[in-house]
Amino acid sequence: GGFRRRFSLTFEFPDYTCTELAQIFIDLSFAKGFYLEESLTVISIGQLLEQETSQDWRSDRNGRVCELLLGGARTQIRKRMRIAALDDVEVDPQLIIMSDVENVIREQFH
């Protein structure tokens, strides 16, 4: 109780929309030195988030959704690199592709 009494203001932050989350994810990816396959747009990522996650799930995590998505995408890149190494194929470690994002959202975002 004592802590709340000293502050008369409370801040209510509205939840980000799926489109806003998609843009934050893209900005965060670029800031961390990644780039995205052409098919990964604000619209395509936003639609995936909208279709595969619930409002409650997003609301509980809000902006952290983007950090979780990038962390998961990095794991997907590492998986692709391990598989490619067996076939002696090169994988760009900075390129995030559609299947990376789809796998994270479908496998981990419930």
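Quick notes on the rules
- Residues numbered from 1 in each chain as written.
- Predicted model: local features only at pLDDT ≥ 70, side-chain atom pairs only at ≥ 80, totals over all residues.
- Heavy atoms only, no water.
- Buried < 20%, exposed > 50% of the residue type's maximum accessible area, 1.4 Å probe, protein only.
- Helix = DSSP H or I, 4+ residues; strand = E, 2+ residues; numbered from the N terminus.
- Contact = heavy atoms within 4.5 Å.
- Axes fitted to C-alpha atoms, helices over the stretch in contact; angles between N-to-C directions.
- Left-handed = near helix turned anticlockwise from the far one by under 90°.
- Nonpolar A, V, L, I, M, F, W, Y, C, P; charged D, E, K, R; others polar.

(A) Just helix H6 (residues 98-108), in detail. Looking at H6, one finds that the buried residues are Met 98, Asp 100, Val 101, Val 104 and Ile 105. Those residues of H6 that are buried are in contact with helix H2 (18-31), helix H3 (42-52), helix H5 (64-86) and strand S2 (95-96).

(B) The arrangement of the side chain of Ser 29 in detail. Summarising the element assignment, Ser 29 is placed in helix H2. Ignoring sequence-local partners within four residues, the contact set of Ser 29 consists of Phe 34, Leu 36, Leu 70 and Ile 96.

(C) Unusual backbone geometry, seen in detail. Backbone geometry places Asn 62, a non-glycine residue, at a positive phi of 45°. Locating Asn 62 in the fold gives a position in the loop between helix H4 (55-61) and H5. Classification of Asn 62 by relative accessible area gives buried; the value is 19%. The backbone phi angle of Asp 88 is positive, close to 55°, even though this residue is not glycine. Along the polypeptide, Asp 88 turns up in the loop between H5 and S2. You can call Asp 88 exposed: its relative accessible area is 72%.

(D) Local environment of the packing of H5 against H6. Packing of H5 against H6 brings their axes to within 8 Å, and their N-to-C directions diverge by 115°. Where H5 crosses over H6, the handedness of that crossing is right-handed. Between H5, through Leu 68, Leu 69, Gly 72, Ala 73, Gln 76, Ile 77 and Arg 80, and H6, the contact on the second element is made entirely by Asp 100, Val 101, Asn 103, Val 104, Ile 105, Glu 107 and Gln 108. Looking at the contact of H5 with H6 residue by residue, the classes come out as seven nonpolar, four polar and three charged.

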